[in-house]
Amino acid sequence: KGTLMKGKRGLVMGVANDRSIAWGIARAVAEQGGELAFTYQGEALGKRVRPLAETVGSTLVLPCDVTDDAAMDATFAAIEKEWGKIDFLVHAIGWADKQFLRGRYVDTPREAFLKALDISCYSFTAVARRAAAIMNPGGSLLTLTYLGAERVMPHYNVMGVAKAALEASVRYMAVDLGGEGIRVNGISAGPVMTLAANGIGDFRYILKWNQYNSPLERNVSLEEVGGAGLYMLSDLSGGVTGEIHHVDSGYHIVGMKNPTAPDI
Ligand code: NAD
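Let me begin by describing the structure that accompanies this report. (Residues numbered from 1 in each chain as written. Predicted model: local features only at pLDDT ≥ 70, side-chain atom pairs only at ≥ 80, totals over all residues. Heavy atoms only, no water.)

So, about the site of the ligand. Around the ligand, the surrounding shell holds 29 residues, and the nearest of these are Gly 14, Ser 20, Gln 41, Val 192 and Thr 194. Gly 14 places a main-chain nitrogen or oxygen 2.8 Å from an oxygen atom of the ligand. Backbone polar atom of Ile 21 to an oxygen atom of the ligand: 2.8 Å apart, as the coordinates give it. Within the complex, 94% of the 820 Å² of free accessible area of the ligand lies under protein. Looking at side-chain class alone, the shell around the ligand contains 19 nonpolar, eight polar and two charged residues. (Near = heavy atom within 4 Å. Polar contact = N/O pair within 3.5 Å; in protein donor to acceptor, adjacent residues only side chain to side chain. Areas by Shrake-Rupley, 256 points an atom, 1.4 Å probe, with all protein chains shown as cover. Nonpolar A, V, L, I, M, F, W, Y, C, P; charged D, E, K, R; others polar.)

Relative orientation of the contacting elements helix H3 (residues 69-83) and helix H4 (residues 110-132) amounts to 30 degrees, with a least axis distance of 10 Å. Judged on the interaxial angle alone, H4 and H3 are roughly parallel. Seen along the crossing, H3 lies across H4 with a hand that is right-handed. Across the interface between the two elements, Asp 69, Met 72, Asp 73 and Phe 76 of H3 pack against Ala 126, Val 127, Arg 130 and Ala 131 of H4. For the contact of H3 with H4, the class distribution of residues is five nonpolar, no polar and three charged. (Axes fitted to C-alpha atoms, helices over the stretch in contact; angles between N-to-C directions. Helix = DSSP H or I, 4+ residues; strand = E, 2+ residues; numbered from the N terminus. Parallel < 35°, antiparallel > 145°, perpendicular 65-115°, else oblique. Left-handed = near helix turned anticlockwise from the far one by under 90°. Contact = heavy atoms within 4.5 Å.)

Met 13, Ile 79, Leu 89, Phe 124, Val 127, Leu 141 and Val 184 are the most contacted members of the largest nonpolar core, which totals 51 residues. For this core, the secondary-structure elements that each account for two or more residues are strand S1 (9-13), strand S3 (60-63), H3, strand S4 (86-91), H4, strand S5 (135-145), helix H5 (157-178) and helix H6 (203-213). Apart from residues no more than four positions distant in its own chain, Val 127 is found in contact with Met 13, Val 66, Met 72, Phe 76, Leu 89 and His 91. Membership of the second largest hydrophobic core comes to 38 residues, among which are Ala 28, Phe 88, Val 90 and Leu 230. (Core = buried A, V, L, I, M, F, W, Y, C linked by side-chain atoms within 4.5 Å. Buried < 20%, exposed > 50% of the residue type's maximum accessible area, 1.4 Å probe, protein only.)

The strand order S3-S2-S1-S4-S5-S6-S7 describes an open sheet built from seven strands, whose pairing is parallel. This sheet does not close on itself; its edge strands, each paired only once, are S3 and strand S7 (244-247). Ignoring which end each strand starts from, the neighbouring axes of this sheet average 20 degrees apart. Across the sheet, H4 touches S1, S4, S5 and strand S6 (183-189), and the angle it forms with S4 is around 175 degrees. Taken strand by strand, helix H7 (residues 222-233) contacts S4, S5, S6 and S7, and its axis lies near 170 degrees from that of S6. (Pairing = 2+ DSSP bridges.)

Next up on the list: the packing of aromatic side chains. Taken as a whole and judged by the stated rule, the model has three aromatic pairs. Ring centres 6.0 Å apart and planes at 40 degrees place the aromatic pair Trp 23 and Phe 38 in the tilted group. Of this pair, Trp 23 sits in helix H1 (residues 21-31) while Phe 38 is found in strand S2 (residues 35-40), placing the two residues 15 residues apart along the sequence. (Phe/Tyr/Trp six-rings, centres within 6.5 Å; stacked < 30°, edge-to-face > 60°.)

Here it is as structure tokens:
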């Protein structure tokens, strides 16, 4: 066990199960001595998250639906009561109605757009503000994004638009909070098979495509995304803010399909 995160405390939002990206980051932080609190969305997930939290020595496990301002206030009040200050926050939350993660983006109705943007973008701003209010200088806020923010990905649709807004919000908040010594960054992860990913049309095809066409010729692991998360939350990345860091086997640099890749 390392000591990189020793003496640091933080909140991890977005664990649904042991395949969640949030869990990959939580494990990496816990292995380096960081102390963790978790939130979950609804009691059904609470039943899964509590035993996971226990395995990394965490007992501060709270319900928090990010569409509910009162729930967010209660979460941060509970954390402040227990710990006083925090050092980091992981926001690994995204959602869009499955029905619109296929077909054409142009057909997205207003309600579906607003809900996707609320949960997948605004929620980071909402929790960042509350977290920053109880954050020690040197604190780090981290969110998860995807290349679909920068380029058109099949089926990603309204999530791509939400991620573009999320990435812009990383930059605005980096400036807002930089004076307090608080850093704000995003990790743009390559495709990982999780509960949320399951909702995206043809996700298995996307995984194969990335495997065949990325420089490393494989997909990324939960441990690799966790390792990058650890870097962003620790003092190792002390000079880094407003950054979108790609952890995608290098896929984002490629301009053309690998001509020797097998057919999918
Ligand atoms: P996941 O299903 O394990 O996690 C998504 C989480 O969002 C769940 O814990 C869910 O409870 C939470 N959530 C959704 N709506 C919520 C709400 N209203 N209130 C509180 N929590 C809510 O899937 P994941 O892939 O680990 O997703 C985590 C983040 O990583 C998401 O932002 C996702 O877009 C991003 N991401 C995923 C991939 C991938 O391929 N899996 C790639 C790049 C980025």
